[in-house]
Structure formats: structure tokens, C-alpha cells
Amino acid sequence: PTGSSASGMDGLVTSGADGLVKVWDLNGQCCVQTLTGHRGSVGCLDCSILCPPGEASSNASDDVESKKKWRLVTGCEDGQVRVWSVEDLEAESTSEDKESADNDEVFRYVGSLQPPANFSSSSNEGIASVHFHHNGHYVGVCRANDRVIEIYAARSEVEAQKKRRRRLRRRREKQSVAANASEKGESKKRGLLDDPESDDEQDKAESKEDQLVELSPDMVKAMDEFEFRGTIRATHKIRGFAFTPVLERGGGIRVVVALATNALEVHSLPKPSKNAQVAVTSEKVSALDMYGHPTGIRSVSLSSEDSMACTVSKNVVKIWNVSSRSCLRSIAAASSGNASCYCLCAAFLPGNMHVVLGTREGHLLLIDVASGDIVYREENAHDGAIWSLDIRQPSPGQDTMSLVTGSADKTVKFFEVESQEGENSRHPMLVHARTLQMSDDVMCVRFSHSTDPTKRLVFVASLDSTIKVFFDDSLKFFLSLYGHKLPVLAFDSSDDDTILASGGADKSIKIFGLDFGDTHRTLYGHEDSITDLRFVKRTHNFFTCSKDSTVRFWDGDRFQQILLLNGHASEVCSLAVSRTGAFVLSGGMGRQVRVWERTKDIVFLDEERERELEEVFDKVDVSKRDENTSDVLLRAQKDGDEGLDADDETDEKPQSEAAVKQSILSVSAGDRIMEAVELADEESKEIAAFKKLQEDKSGDNRRAPNPMLFGMDPSQYVLWVLRSVKSVDLEQSLLVLPLKHVERLMHYLILLLRAGKGIELCAKISVFLIKAHQAQIVANRTMMTPLRELQTLVRMRTTEIRDTAGFNIAAMRIIARIANEKKNERINYEEKSMKDIWAGLGKA
């Protein structure tokens, strides 16, 4: 926003993908200027007071404040950084060249910022961000997908004028040399690849590139006011930056840079010496890279007491304190040759002192949580990526722990956890015990929760879209759970080992019974592949996460969705549920771990279903043309118009319409209208049959009112239902009606108009139905006679209402005029009684 001291108004500057920059007057709420000339979308801009070092500070007096210069800097997709000066409208209106000045223009183009010729950038894309320093001394420019930030410093007014005079002097010298050369016929031929010989030629090249406005050579240009100070080079691609508000002691500046690796860096750019002719480079002061994963999170696991959490990404393992949400350890996963490993899965060993990792290279790593060191490596444990692993808790009376892993090499391997020998006796190691060969790649593997060794099961999901169940002690085949159309990516069993829930790439959740392997129910809700599934301890409720960036909570007994948790911006890859179910951790490709805590609020499933239906109706489907009322009316008009040329532009949308959209309320209102029309038809038939029967018997033809219609006539009941629909949802509810119900509704509208009931509502509905179903109504020959009668009734009844309203308005005007004439008249109650006060009222 530009201040009032800049241009005499409170303004706002906005930019968009259309390549335009608009200036808005907040008081008048209108656009006062449009800045053109950008070759592409304008993604960033900033406006500030240009206050070079050595001039008055921001706390100066009003006289000094009025002399300060405002500058607007815009960054475009074409890679140009354009500078605009904010003109003082009050000063221009009182200047001597008031006639030549354009007082409507708030901003005036003064040129673009150009780095020196020896500056090379690794990115040729557009400008990503532009920021002024808080004191107005510096401006920073960052290009998209680049590691460098260009820093420009503002020159003082004296230095800017000196730079301008030097540029003009060199321009005149160049022109004189060119004139002498032309007289002697010794004009030098220049090639396209020759470098410009002077600053003037650089300015000329800039003007040819911009083609925004013809800049006068005598004016102060952008490069006269700014000088290239230096660069800030980060270690990775930059996503954004900001200046710190406080300058360094030596006059340098500090910049905080946000990197694409989810880290922050602080760089210091020192102040150059007076005799320095080379741009200075920055120095990295500090970095904050511990609290964020550089890539997407692939797995989240909790310790047995829910106090610590482990998250893994490409080659980074982080240990978190769940209660304080702080990072305790950040460990780089590497093999024995210091080669980085891509971690895919993780789990805490019993005792919570060590974490076991499975990598894409097929290695198994053991990490000591206390020291953060890798204490054991089982290299080449598998020939392919280890997609899943699980820990078997020791049975009562047994001290041995077992680990099972599933890999892309079509094998399931079992490892025993034993203590190392020698100095590292306090650290565990993995010993390969058994191998189970599968026919396809293994996607997920789990142990059952039974503590009885004879009843413990092993579940294996493979690429053939089935889940194989084996006995743990003998690895004998038990069950094959099938039904998924695509591979199963995640599954889990309940604590009592009675049911197993699975989710796969087919977006469905299947609940199997573990007694016979039968399918209890198939649940749908996710819009993309399901990546993880976890049961809540001692319940049949479970959580699922998916690539559709949602986390859902399900009831495995009633087969219903309980909650839908939105918050992730990208796909969710892993879940971890606490042992009490008090909270849930979820992590995904958004490089963030979200903590969902259980509250004491009561969840009503009916309200959740209604909320889901509302979200379904709120989604805009661009493929459909029945989004709003205007689209339907335009389509009906287009279908009904005959004899139009194909090139006629008849589908222009109106600039404004009713702020309505289809919702569950409008759909339910449409259902009520259809039900009312059907009940009215049935009642009309029964009334007609009753009258005919009574005429044959020559009896009384009066019939008892129908309680289903609240004792009303059919037409009155239809009118009552129409009045019960909110005016906001009326049009959308009428669009739900099929053509058969539209014809019957128009019949009852004719009956109501004959009786003079609900004239305004009936006329409104009649006009809208004819506009919406124009083509179908015109094509139906049987509707011609009712349409003519409806037209006559609508005109007649609306004319009567208009006449009545006009008569009442005229009467109110007369009453107001008489009251105005007699308001100052004093009434003598002795001479005139109260009955004579209104005597003569209405006589002109």
C-alpha cells in the first residue's frame, strides 16, 4: 500500500497473471491506474520509501518526510525488474507544468534494474520475490529456482544526479564521435554479438527490451538511483527471503533465506569499502536445518510409551519429543561406505533405546537414540527395497525379540534381535533366522497381536492384490484374503485378532474376518490410494491416510466413517496411533508431521454425513454447465432460439446474478416440491372420484379434508410448500424438478392465479420455469393452451397488484401531505371534538 504522503491518497497495488499491475484507491474503492508493459505474469512487487544511507531517517520532520521518494518495484515472468516512481498528485497540480503533466497517473515508469555484465545467474526464469529493506536502503531480487539473491543499494540524491550527469556526458561524447565519424565516412560497423561501448547503449538496450514508455534521457532512471551492491548465494534453491530489521554494526545487512530443503539460513552482506569497485559477496552466519525434513516423510513410528516419535525421509532420521514438539536428534542415514541411504520404514525396538530402519538399498540400520549413532548395519539384507517391517513383541517367559521385513525381492525375512559381543555389548544386532519366499513383490508385512506362539500369525501383502496369512511358528499357509482390484498397500489387525482391515491402490477399504477369511464389508471414501492403516488399541476403530491428503477415522463394527481430518497439503504416507488413542501422528510429502489430539467433543454421525454432502455439492465441476442459474437460462435460451447464425455470440454470461448455488437444502426443497405435487394429484383424483360417486347417488358431495394435506385444498397445499422454501434456494430447487412435475406444477399455478392467491410467488415461478425449460415446453404441443391462459392470468393479476400498490402509494402521499399541512396547527378541543379530526380527509 502506498501512503498518503506518496500520492495524496490511500492506495493499494495488486498484480496478477494477466501481466497487469493495478492501483486502487481505498477511499473511492476504484481502480485509478493500470500499469502495462509486462511480458508475462507479475508474481511479486513491493513499494517503499527510498531512503538512501546518509539521508534523514524515517523519524524526520514533515518537511523532510514530504521530500522522500516512493518507489514501486515489480518482478515479472520475463526476468525484468521494473521500477516505478510514485508521483505526488498535490505537488503536480501546483507545479508550473501543470498543463503538460498527467495528474491521473500515480505511477511513472523510470526504468529497470540490471545486474552488471559479469554477473551470471544459474536460472533463466522469472522473478520469484522482490523485497525492500525496512529502512528503504536496499532492495533484494530473487529469481525462480535460483540460489542467488541480487542486492541493490539506493544512492543518495547527490549521487543519483552525479550518475545522471555522467551518463549524459558520455552520451554527448558518443554522439559527437558518431557525428565526426559520419562526416569522415568512417562509421564503424558493429556486429550483433558486440558488447555495448557505453552506459548509454545499455540504457538504449533496456528501452528496446521494455518498450513500456519513451523515457527521456534527461530524467533520472532506475540505475541512476540504484547501484548493484552484491549477491547472497545460498546452498540450495531459494523459496523466499526477508531482510532483518536491524543493521549490523559495520553497516552491513542480514538476510534470512528459506530454502527448498525445508531449512533456513542467515547470510550477512558486509558494507563495501569506499574504494572498492567489485561487488561484495555474502557469508553464511547460521543455519536452521534440524527442525525440518528436506524431502517427504515416508514413515512415522511411536515409542511404546508414546513419549518419542521417529520420522524418516530420503536420507534423514529425526527423533522428536512428542509432548514438547521439539526435535531431539537429526541423524543422517548412511551405509558403511558413507553412502547415503533412502529410508522407507522405521520402528522402535522394545526398550525405546534403538530404532531399526529399512532402506531402499536393502540395508537394515540400527540407531542409538541417546547418541544418534548408527550402531549396527545389516547391509544387503535384501536384494531390493525394504517396503515394510514389524517388531514381534516377546511372549511371556521369552526374552527373544523378532523382526520381520518385506522387500521387493519377493522374500519375507525374519531376524532375531541379539546383543553384540565385546565393547558394543549394550547395543543389539540382527541375526537372520528364516526366509519366506513369495511369488510377487512384498508391499506390507505385519505380526498379529496374539501373545500365544501357537496362535500368532504373519500377514503378507504382495503385488497380486491378495493378503496371505501364515502361522508364525511353522510358516504354514493359513488363509488367502482377496477382493482388492489393485495391490494392497497397508493393513492392520485388531488387538483381539478377530478382524483385519486393509487398504490399497483401488481406494477401497476391506474388512476381513480372520476366522474364515470372509469379507465383512467394503468401505469407500478416499479419493486416491490408501497408504497406511492403523487400529486403535482395544477397539475396532481404525485410522487411514491416503494420497488425497486426508486422514479418516472409521468404525469397524458399524462400518461407518466417523471423522474426516483435513489439513495436509499433499499426500499422507504414514500414520502412528498412540497406545491409548489420545493422539495420532501423520506425515507425508508435505514434509510436516501433524498431531491430531482427541477431544471431549461429541461427534454426531448424521451431522458428519450432512457436512460431507455439503462438501460434495460445494465442489465445482467445470465439465457441467448446470452450476448456477445463469448457465441454465443461457442454455435454454440458446436451445430455444431458432434461425441464429453459428457465429452469433449468444452465450455471453451476465455480469451479475443471484449469489446461489446447489446445496443439500435446495435438493431437499426440490424433493418436497415433487412430493407436494404428487400428493396434490392423488388428492385431486380422489376428490373427482368422490364427486362422481355422490352425483350418481344424488347425495351430499362434501368430502372430509385430508389430514395429509393439513385440511387444505391441493392447490393451497402446493402454495404452502412453495412458500416454505427459502427464496435463496427456490430457483435451484425448481431446477431439480423433472419435466413431468413442471407441467403439473404449472397446472396448480394456473389454479392459484385464478383464485388470486400467491400472485407474486406464482408469477415468479412461472417466468423462471418457462425460461429454464423453454425448448421442451415449446416442443410440447399440449402445453400451448395452458401457456396462453397462464400468460393472460399473470398479466391480469400483476396489473391488479400494480394498480392496488399505486392506489395505496397515492393515498399515503395524500395522508403525508395533509399531515404535513396540519402538523403546526393547534387543535382547540373545546370547539372541535375528536370525531372531527379526520373530517374532510381524502378530499383534494
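A brief structural summary. Here the structure is a predicted model, which is why all the values come from computation and not from measurement.

## Details of the sheet that holds strand β25 (residues 386-392)
The strand order β25-β26-β27-β28 describes an open sheet built from four strands, whose pairing is antiparallel. The sheet is open, and its two edges are formed by β25 and β28 (428-437), each paired on a single side. For this sheet, the mean angle separating the axes of adjacent strands, direction not counted, is 25°. Relative to strand β26 (residues 401-407), β25 runs antiparallel, the two sharing six bridges. Among the inter-strand pairings, D390 is bridged to a residue of β26, identified as V404.

## As for the packing of aromatic side chains
Evaluated as defined, the whole model comprises twelve aromatic pairs. Between F414 and F447, the ring centres sit 6.3 Å apart and the planes meet at 55°, which makes this aromatic pair tilted. Of this pair, F414 sits in strand β27 (residues 411-419) while F447 sits in strand β29 (residues 442-447), and the two are 33 residues apart along the sequence. For the pair F414 and F447, one class covers both residues: buried.

## Some words on the nonpolar core
Residues I673, L722, L734, L745, M746, I765 and L769 are the most contacted members of the largest nonpolar core, which totals 38 residues. Those elements that place two or more of their residues in this core are α9 (664-697), α10 (714-724), α11 (727-735), α12 (739-755), α13 (759-772) and α15 (784-822). Tallying contributions element by element places α12 first for this core, with eight residues. Apart from the residues within four sequence positions on either side, I765 is in contact with L722, L730, L734, L745 and L749.

## Examining the pairing of strand β6 (residues 81-86)
The element β6 is extensively covered by neighbouring structure, given that six of its six residues are classed as buried. Of the two faces of β6, the one holding V81, V83 and S85 and the one holding R82, W84 and V86 are both buried throughout. Across five bridges, strand β5 (residues 69-76) lies against β6 in antiparallel orientation. Looking at the pairing, V73 lines up with V83 of β6. The antiparallel hairpin formed by β5 and β6 contains four residues in its connecting segment, where G79 sits at a positive phi of about 85°.

## Comments concerning the environment of T244
Here T244 is to be found in the loop between β12 (238-243) and β13 (253-259). Along the sequence, T244 and V255 sit eleven residues apart, while their C-alpha atoms lie 5.9 Å from each other.

## Some remarks on α12
In this model, α12 (17 residues) spans 25 Å end to end at C-alpha, consistent with the 24 Å of a helix rising 1.5 Å per residue. For α12, the full list of buried residues reads H741, V742, L745, M746, Y748, L749, I750, L752 and L753. Remark: G756 follows α12 within two positions and exhibits a positive phi of approximately 75°.

## What about the pattern of salt bridges?
Between side chains of opposite charge, a pair can form as their charged atoms come close. Under the defined criterion, the tally for this structure stands at 22 salt bridges. The closest approach of N and O atoms between E597 and R325, which form a salt bridge, is 2.9 Å. Taken together, the residues span a long stretch of sequence, with E597 in strand β43 (residues 593-597) and R325 in the loop between β19 (316-321) and β20 (326-332) at a distance of 272 residues. With a relative accessible area of 56%, E597 lands in the exposed category. The residue R456 makes a salt bridge to D472 at a minimum N-O spacing of 3.5 Å. A residue pair is termed long-range when its members are at least 10 positions apart, and R456 in the loop between β29 and β30 (457-462) and D472 in the loop between β31 (467-471) and β32 (477-481) qualify at 16 residues. Across the pair, exposure class does not vary: R456 and D472 are buried alike. Here the salt bridges do not stand alone but share partners, grouping K69, R71, E157 and E225 into one network.

## Quick notes on a nonpolar patch on the surface
Nonpolar side chains collect at one region of the surface, where L12, W24 and L26 lie side by side and expose about 240 Å² of accessible area between them. The topology assignment puts L12 in strand β1 (residues 11-15).

Cut-offs and rules
Position numbers for residues count from 1 along each chain, tracking the sequence in the order it is written. At least 70 in pLDDT is required for a residue's local features to be given in this predicted model, at least 80 for side-chain atom pairs to be given and counted, and no such filter applies to totals for whole chains, interfaces and linings, which use all residues. Working from all heavy atoms in the structure, the side-chain values ignore hydrogens and water. Paired strands are those between which DSSP finds at least two bridges. The secondary structure listing takes helices from DSSP runs of H or I that are at least 4 residues long and strands from runs of E that are at least 2 residues long, numbered from the N terminus. Inter-axis angles, ranging from 0 to 180 degrees, are taken between N-to-C directions of lines fitted to C-alpha atoms, where helices are fitted over the stretch in contact. By convention, a stacked pair of Phe, Tyr or Trp rings (six-membered ring in the case of Trp) has centres within 6.5 Å and planes under 30 degrees apart, an edge-to-face pair has planes over 60 apart, and any other such pair is tilted. With a 1.4 Å probe rolled over the protein chains alone, any residue whose accessible area is under 20% of its type maximum counts as buried; one over 50% counts as exposed, and the rest are partly exposed. Definition of nonpolar core: a set of buried residues of the types Ala, Val, Leu, Ile, Met, Phe, Trp, Tyr and Cys, connected through side-chain atoms within 4.5 Å. Every residue pair with non-hydrogen atoms within 4.5 Å of one another is taken to be in contact. In this analysis, the expected span of each helix is defined as 1.5 Å times one less than the number of residues it contains. Just to be clear on terms, a salt bridge is a Lys or Arg side-chain nitrogen sitting within 4 Å of an Asp or Glu carboxyl oxygen. Candidate patch residues must exceed 30% relative accessible area and have no salt bridge, after which like charges are joined if within 9 Å and Val, Leu, Ile, Met, Phe, Trp or Tyr side chains if within 5 Å. Reported accessibility uses the Shrake-Rupley method at a 1.4 Å probe radius. Residues are deemed covered only where the shown protein chains occlude them.

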